[in-house]
Amino acid sequence: MLTMEQRRRLVEGAKQFGISLEEWHCDQFATFGALLYETNKFVNLTRIPVDQMVELHFLDSLAISKVLQLSAGSSLLDVGTGAGFPGIPLAIAFPRVHFVLIDGTRKKVEFVRMVIESLALRNVSVFHYRAEDFAKIPSNRSVFDFAVARAVAPMERLLPWLLPFVKAGGYAVAYKGSSVDAELDKLRIAIKTFNGSIERVVSVALPFIEIERKFVLVRKQSSS
Ligand code: SAM
C-alpha cells in the first residue's frame, strides 16, 4: 500500500538521513502501511491521513538517525510506541540494531505484535507494559544504548521514565516539535533531580513537508 510516488519519497527522504533503502525495505513499509490503515478502520491507531504516512510516520521516525549512531549491535527502547512509531520503521531500516517496544495500551501492542509477525522482523520485540513498571524489572535497567519516545508526555514526565533504561553514557531522546522551548525551561529545573544532562537539541527538517522535528538528547551520567 504505497503509490509509486510514495515509494520515491520514502527512498529519497531516507537518503537525506543517510539511509539507503532497497526495494524489499519499501515492500515492508508498504505492508506495514496497509496493516496500519486497514486495522485503523476498527481500532484507533492513527489520525495521520494515509497520504501523509510516508512523511509524518515513516520519515519522521527515521529522522532520529541524523542524531544517533545506530550501529550494528546497539540497542534502542521505544517507550509508548503506539502503533509502532518510531520503533517499527527503525527496525525495518536497521536490521542489525536490537529494538524493544513497549506500550501501556494492550490493543496497540497486539497490533504491533501482528506487524512484527507479518513482516518476520527478527530484531524487534514488543511488550505490554507501562514504562514505570517495565523499569521495575532489574534486567531492563541501564542496559539500552538509547531510550526514545515520540508524542508520549512532556519532558519533565518523560525523562524519569526513559533514563532508568539507559546505560551510562547512553542517551534518552525525545521527539519534540516547535513548542520544545517552553518544555525545556521546565526540564532544566527538573533535570537537577535526574541522573542526566541535556546535551543538545537538534533540529531536523522533514523532507517534502514544512515541518521541523526537534530532538532533545539527554545523556545518562551514571548507572542507576
Ligand atoms: N509513539 C507513537 C507515535 O508517535 O505515533 C504513539 C504516540 S500516542 C500519542 C502515546 C502512546 O503512549 C499511547 O499509545 C499510550 O498508550 C502510550 N503511553 C503513555 N504513557 C505511557 C507509559 N507511561 N508507559 C507506556 N506507554 C505509555
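What counts, and at which threshold
- Residues numbered from 1 in each chain as written.
- Predicted model: local features only at pLDDT ≥ 70, side-chain atom pairs only at ≥ 80, totals over all residues.
- UniProt positions renumbered as here; feature names shortened; annotations may be inferred.
- Buried ≥ 20, exposed ≤ 12 C-beta atoms within 10 Å, placed from the backbone.
- Helix = DSSP H or I, 4+ residues; strand = E, 2+ residues; numbered from the N terminus.
- Pairing = 2+ DSSP bridges.
- Axes fitted to C-alpha atoms, helices over the stretch in contact; angles between N-to-C directions.
- Contact = placed C-beta atoms within 7 Å.
- Near = placed C-beta within 6 Å.
- Nonpolar A, V, L, I, M, F, W, Y, C, P; charged D, E, K, R; others polar.
- pLDDT = per-residue confidence, 0-100.
- Parallel < 35°, antiparallel > 145°, perpendicular 65-115°, else oblique.
- Left-handed = near helix turned anticlockwise from the far one by under 90°.
- Core = buried A, V, L, I, M, F, W, Y, C linked by C-beta atoms within 7 Å.

(A) Region of the structure containing the UniProt feature "binding site: S-adenosyl-L-methionine" (unreviewed entry) in the chain. The UniProt feature table records "binding site: S-adenosyl-L-methionine" (unreviewed entry) at Gly-80, Phe-85, Asp-103, Gly-104, Thr-105, Ala-131, Glu-132 and Arg-150. For Glu-132, a count of 11 C-beta atoms within 10 Å gives the class exposed. Within the secondary structure, Arg-150 is located in strand β4 (residues 144-150). Judged by the 21 C-beta atoms lying within 10 Å of it, Arg-150 falls in the buried class.

(B) The arrangement of the pairing of strand β3 (residues 124-128) in detail. Here strand β2 (residues 98-103) runs beside β3; their pairing, made up of five bridges, is parallel. Paired with Asp-103 across the two strands is His-128, which belongs to β3.

(C) Up close: the sheet that holds β4. The strand order across the open sheet built from seven strands is β3-β2-β1-β4-β5-β7-β6, with neighbouring strands paired in mixed fashion. Since the sheet does not close on itself, it has two edges, and those belong to β3 and β6 (196-205), each with one partner. Between one strand axis and the next, the sheet turns through 20 degrees on average, direction left out of account. Taken together, the three bridges between strand β1 (residues 75-79) and β4 define a ladder with parallel strand orientation. In the strand pairing of β4, Leu-76 is matched with Phe-146. This element, helix α8 (residues 180-190), spans β5 (166-176), β6 and β7 (212-220) of the sheet and lies at about 175 degrees to β6.

(D) Structural context of the site of the ligand. Near the ligand there are 18 residues, and of these Gly-80, Gly-82, Gly-104, Thr-105 and Arg-150 occur at the shortest range. Put simply, the parts of the chain that give the shell around the ligand at least two residues each are β2 and α6 (131-134). In terms of residue class, the shell around the ligand is built from eight nonpolar, five polar and five charged.

(E) Geometry of the confidence of the model for the chain. Here the chain averages 94 in pLDDT, and 99% of its residues register 70 or above. Reported confidence for the predicted complex is 0.99 by ipTM and 0.97 by pTM.

(F) Representation of the environment of Lys-66. Considering the arrangement of structural elements, one finds Lys-66 in the loop between α3 (53-62) and β1. For the pair Lys-66 and Gly-18, spaced 48 residues apart in the sequence, the C-alpha separation amounts to 7.6 Å.

(G) How the structure looks around the packing of helix α1 (residues 4-16) against α3. Two numbers describe how α1 lies on α3: the axes approach to 10 Å, and their chain directions differ by 25 degrees. With respect to α3, the axis of α1 lies roughly parallel. The two elements α1 and α3 meet at a crossing, and its hand is right-handed. Contacts between α1 and α3 involve Gln-6, Arg-9, Leu-10, Gly-13 and Ala-14 from the first element and Val-54, Phe-58, Leu-59 and Leu-62 from the second. Tallied by class, the residues present in the contact of α1 with α3 amount to six nonpolar, two polar and one charged.

(H) Examining the nonpolar core more closely. Ranked by internal contacts, the top residues of the largest apolar core, which has 69 residues, are Ala-147, Leu-162 and Val-173. The dominant element in this core, judged by the number of residues it contributes, is β5, at six residues. If we ignore the near neighbours within four places in the chain, the residues touching Ala-147 are Leu-77, Val-79, Leu-162, Phe-165, Val-166 and Ala-172.

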